[in-house]
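# Breakdown of the fold
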2 protein chains.
Amino acid sequence: MRYGFDATTGKIDPFAAELPEGPPPPSVLILNIWPQVDGGRFGIKREIGDEVELWADIFKDGHDKIAAQILFWPAGSDAVEFAEMAFVDNDRWSGAFRPDAIGRWQYQIIAWPDLLATKRDEIVKKFDAGIDISLELREFDVLLEQVVTGNPDAAETVDSLRRQIAQRPTMGEKVAIVTGLDSIAALRPWRDLGGAAYSPVFEVMVDRVRARFAAWYSMFPRSAGTVEGQSGTFADVEARLPDIAQMGFDVLYFTPIHPIGSTNKKGKNNTLISTDEDPGVPYAIGSALGGHDAIEPTLGTLEDFHHLVSESARWGIEIALDIALQGSPDHPWATTHPDFFTVRPDGTIKFAENPPKKYEDIYPLSFDTDAWRELWLELERVIRFWVAQGVKTFRVDNPHTKPTVFWEWLIRRVHADHPDVIFLSEAFTRPKVMHALAKAGFAQSYTYYTWRTARWEIEQYLQELTSVEVSQYMRGNLFTNTHDINPYHLQNGGIPMFKSRFVMAATMSSVYGIYSGFELGEATPVPGKEEYLNSEKYEYKVWDWDRPGNIKYLIETVNRARRDHPALQEYDNLRFHSADDQRLLTYSKVDADADDRILCLVSLDPVNPLNTWIHLDLAELGLVDGLPYHVTELISGNTWIWTGGHQSVQIDPAIEPVWVLSLSTTT
Amino acid sequence: MRYGFDATTGKIDPFAAELPEGPPPPSVLILNIWPQVDGGRFGIKREIGDEVELWADIFKDGHDKIAAQILFWPAGSDAVEFAEMAFVDNDRWSGAFRPDAIGRWQYQIIAWPDLLATKRDEIVKKFDAGIDISLELREFDVLLEQVVTGNPDAAETVDSLRRQIAQRPTMGEKVAIVTGLDSIAALRPWRDLGGAAYSPVFEVMVDRVRARFAAWYSMFPRSAGTVEGQSGTFADVEARLPDIAQMGFDVLYFTPIHPIGSTNKKGKNNTLISTDEDPGVPYAIGSALGGHDAIEPTLGTLEDFHHLVSESARWGIEIALDIALQGSPDHPWATTHPDFFTVRPDGTIKFAENPPKKYEDIYPLSFDTDAWRELWLELERVIRFWVAQGVKTFRVDNPHTKPTVFWEWLIRRVHADHPDVIFLSEAFTRPKVMHALAKAGFAQSYTYYTWRTARWEIEQYLQELTSVEVSQYMRGNLFTNTHDINPYHLQNGGIPMFKSRFVMAATMSSVYGIYSGFELGEATPVPGKEEYLNSEKYEYKVWDWDRPGNIKYLIETVNRARRDHPALQEYDNLRFHSADDQRLLTYSKVDADADDRILCLVSLDPVNPLNTWIHLDLAELGLVDGLPYHVTELISGNTWIWTGGHQSVQIDPAIEPVWVLSLSTTT
């Protein structure tokens, strides 16, 4: 940063008393860099193995040749690497780099006038026009001199080149040396003779692949038991692992496992009056037994938890914990740190409310507190505690009621030591708030998918979620249902609706989840509400995990397809196709590198058979019109051969409302 | 800027050893600010009288109410003013301010949690739900206490409010005081109780209106004479002023008026051999008589120039000079400052070339020179010299061959003292380079209009030029022709083509120009080239300014329409309508505030009559389907009444290839 230039904007300061010392300011402009999120205020996201492809307008005045590179390095490190950028068209340049480790990386674009290339160009043009170029060759030699002056280690290369030029007897041969690919390659490391412009520094978070590709199974661990009226235990959960693994899930998410408060404890079905038998709501965290770093004793001990984490890993499953940053009135913080909450003028702590509703069993944290530093550090300590217990994935409850900047700090702090930790944002709120949380660092986000039912709104919303703009920073984790959302279409649609909703979640996005009971077709509501009747939130439950009518075969099949088909493991490759019948959703995912194509047909009508035409965009599928291709339906195993994009299909939801088709150009 | 936060991005630094002292970081986010050019790297442009309307996504976590304001001030001043922003929808806010002086202004958005409003909201909701609110009223009082603590001058207002609340006997009446519009208004100046977030600072250049609304007449002053083979003089130019003013032009632009070099002087029609009678090319600037701050003696003296500037002003015309930053081999700089040029290994100064073409009468300046500081300051001195002579508009020759950052600096330097100075960029080069020059500070830009002839390409290009994105920083000055461009369509199209090209330039953009001779229908080319035969660039010329076939009546009429109709004075209000015949261009400009509507029909076929339907977008015109409107054709004076958007028109280019229609809903 030199005097007279603004560090932030690169603008020269016209009010500075004098022009800056040294060489003139860079004449190259680097603008319109893609991708960027809010002008670089937030980073982009990738997964390990991905290339980070960059685009920018790079140009200068006049006709000089320029060169451009990407500089990239792990954040906080000075191990800078370089990747070449190439001119594409219309002053647009492109280049790419591939980070070789998870974590935050930084990068910037550098571009400069390539004086050697400019002089070569002049020499060639003049020589071709029959103009004497002896003076231009001397000018080229002056540039070579500058290369050596600035880079003593270039002396040998330059000397060799000079000798070759000198030894050639004719101008034509000299020109051939000057402009030869060998000479250009030899001088390439020292092309930059000054005047380089630097873009701002951007950031990319490189996550592990599971941030993008995962199947979540959500459960109350206390519901894993087999005795009515008693809490299930971590040991009971271990007994559930084979079934969950068989279905193909790889993330097992628990509602909070901490001690539950007794003050104003809720009874069954959210009643205000409870008995000693009622276990309370797991989100009323904290009692005399401990707070966010303690385990509810009826579930087991910390050792039991460690055992469960290990057992799960054996089944290819990782445990995700729920982070609900609030306390019951009995939380230790209420005593040790009342300043973590809102203390009212009468000395009481303010409980949660949404007037006229009151939640007297919950104290929300106050992030406006003067003790905000202690609060932030305590919450960081909680996360680090569970990371130390082997937990690498967290589902964060209601993150939108805490400052976005807090999450940005917390996630960065945790990633500084544990870049493999994944945070899922459970924010069901206004779209821009949800997007801001994703930008702030959440690897995955709950979405509105749970409520999108009409074809047009599913298409529109999923196109947005997987668009090239949004997918830079947001990965929509599509949940069919949650313990808070028993959507009306599941209440009314019967098993075919469960099947359709499942397949859409599991194939439109590479990351999705279900809340346990879904596989059984459970949707008994509190009448008129999107709540489950006799919800696990308020009581112990015992389930028959193989009850008739369950769709576990379908879940298993689709999860196997997800593992077998790279196309289903990518997030941003969703493309919709058209079908004449508006009740049929048609979409594909293609992985061109893997020559893998999946086409899904999903009936949004759970009752009536569909007999309609679909119209495939063959170019999107990488198929050629007129050439036959093989079609395999992965649930039924049926196969046939299609030619062209217009196909007649008959789908009977009573049999199977979904077709998951693998399209292949080879047998 | 507090420790632990990044000044540029607002990001909290997770690697900082400790969290910053003081209150927590702002929880409000201000994102997606519109307008902005390259993320604020460059400013936007407006003209005096305009409002600067801003949009932004502004939100925070939770359900707190927030407030937002625009802060704006003249750049370099600390006289900050405020403008309120209002919530629109979906976390989008909007506000506006109106700078009251020309020059550069800066602005930023500030937003904060409005704790008073949040508490009022809570009080109302709870009171309406029948909940006791005595504690909430105490909390409101605590906030009032904070208001006074932070703002002692609020004491009187707050005391009065407290008394009113205390005096009211019922809760309902107390609530009415707390939430009354009077109370809200009284406390409004002290709403900000801390925690405000600040956006980056943006800039707007507020130009005088002539930056947007001007009609340029371009000429060689030496061609104003009446004696063959002799140079016209400034006095001769004065004699031309009545005619130029009668046509309605308000900017009179001269090619360079400086002494011309004799070394390698060009002869007629760009021949390499010249005689003593040949005057040379005005762009070969500089001789023993002086350089860029001198006047070619055959034109007159500096006093004559002053007289001409004054006389022009009397006719409502301002003089624009040509800034061509290059020298002839005889320029004083070649002796005093050879380091302003490229000195070759043999000691010679490099002349201009575009291999294999050579321009041996021109030395280009070198902006890579070690003497760049002296060069920049000398060039600034030249501009300031002419500003001191009363020149406020400059047409800059080939700015794209000098660094953009130089222009950014130069224009800012000049504007620091003379914000009324207007620079026109004569860059005919790649689009991104042209756009960058506009962003760097040029008030107006030459465009590709001169070469756009097909309806689709005119529509597409003008839509881009006047789009909401581009018009933030670029004002396209549409030239029908220049002394360097005698376009083929004028060479071949005859007078109807001149008329069509003129009307398009003068009505599609609010700023346009012609090069003298155009009004006479002059288009004799060097055969096969876009050059004028016997070009004024190389010789003295004498013209008959009233020669038969001229289109001065049309120019006068259209320029009068431009002055009479506010719709033609705006830049970004161009809208295209459809016509069945692809040879008919149909577009409108509307100024809704002035209830002014202009509709233009332009035949792109200079020969054959058109008989076709046009289809007007009535909503764009602010007209109601089914209601009749009055139509006046401003060239012929014909009037009629139309109803609806579908109209049959008959246009015969032999009579008049253009209709300029004023549409009115009243008589």
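Heads up: these notes are all about the structure in this document. Keep in mind that this is a model prediction, so the values were computed, not measured. (Residues numbered from 1 in each chain as written. Chains lettered and ligands numbered in written order. Predicted model: local features only at pLDDT ≥ 70, side-chain atom pairs only at ≥ 80, totals over all residues. Heavy atoms only, no water.)

### Comments concerning the pairing of strand β21 (residues 511-515) of chain B
All names here are of chain B.
- Counting buried positions over the five residues of β21 gives five, a clear majority of the element.
- Of the two faces of β21, the one lined by Val511, Gly513 and Tyr515 and the one lined by Tyr512 and Ile514 are each fully buried.
- Of the strand pairs in this sheet, strand β10 (residues 214-219) and β21 are connected by five bridges, and their pairing is parallel. Across the sheet, residue Trp216 finds its bridge partner in β21, namely Gly513.
- One ladder, built from two bridges, connects strand β20 (residues 476-479) with β21; its direction is parallel. Note that in β21 the partner of Phe479 across the bridge is Gly513.
- As for the winding sense of the linkage, the β-α-β connection from β20 through helix α13 (residues 488-508) to β21 is right-handed. (Buried < 20%, exposed > 50% of the residue type's maximum accessible area, 1.4 Å probe, protein only. Helix = DSSP H or I, 4+ residues; strand = E, 2+ residues; numbered from the N terminus. Pairing = 2+ DSSP bridges. Right-handed = clockwise from strand over helix to strand, strands pointing away.)

### Here's the deal with the interface of chain B and chain A
- Every contact between the two is made by 75 residues of chain B and, on the other side, 74 residues of chain A.
- With both sides pooled, the region where chain B packs onto chain A buries about 6,700 Å², and carbon together with sulfur makes up 60% of that total.
- Across the chain B-chain A interface, the total number found is 14 salt bridges.
- When the shortest N-O distance is used, the salt bridge between Arg430 of chain B and Asp91 of chain A registers 2.9 Å.
- Remark: the boundary between chain B and chain A carries 24 residue pairs in polar contact (both at pLDDT 80 or more).
- No other element matches the seven residues that helix α10 (residues 404-417) of chain B contributes to the side of chain B that touches chain A. (Contact = heavy atoms within 4.5 Å. Buried area = accessible area lost by both parts, 1.4 Å probe. Salt bridge = Lys/Arg side-chain N within 4 Å of Asp/Glu carboxyl O. Polar contact = N/O pair within 3.5 Å; in protein donor to acceptor, adjacent residues only side chain to side chain.)

### A few points about unusual backbone geometry
- Here the bond from Trp34 of chain A into Pro35 of chain A is cis, since omega is -5°, no more than 30 degrees from zero.
- Look at the link from Pro355 of chain B to Pro356 of chain B: it is a cis peptide, with omega at 5°.
- Inspection of the secondary structure puts Pro356 of chain B in the loop between β14 (352-354) and β15 (357-359).

### Remarks on the sheet that holds strand β18 (residues 422-426) of chain A
Residue and element names in this part refer to chain A.
- Spatially, eight strands are ordered β10-β11-β12-β17-β18-β19-β20-β21 in a closed barrel, and the strand pairing comes out parallel. Taking each pair of neighbouring strands and ignoring which way they run, the sheet shows an average axis angle of 25°.
- Relative to β18, strand β17 (residues 393-397) runs parallel, the two sharing five bridges. Within β18, the residue paired with Arg395 across the bridge is Leu424.
- With respect to the sheet, helix α9 (residues 372-388) is in contact with β12 (318-323), β17 and β18, its orientation differing from that of β17 by roughly 145°. (Axes fitted to C-alpha atoms, helices over the stretch in contact; angles between N-to-C directions.)

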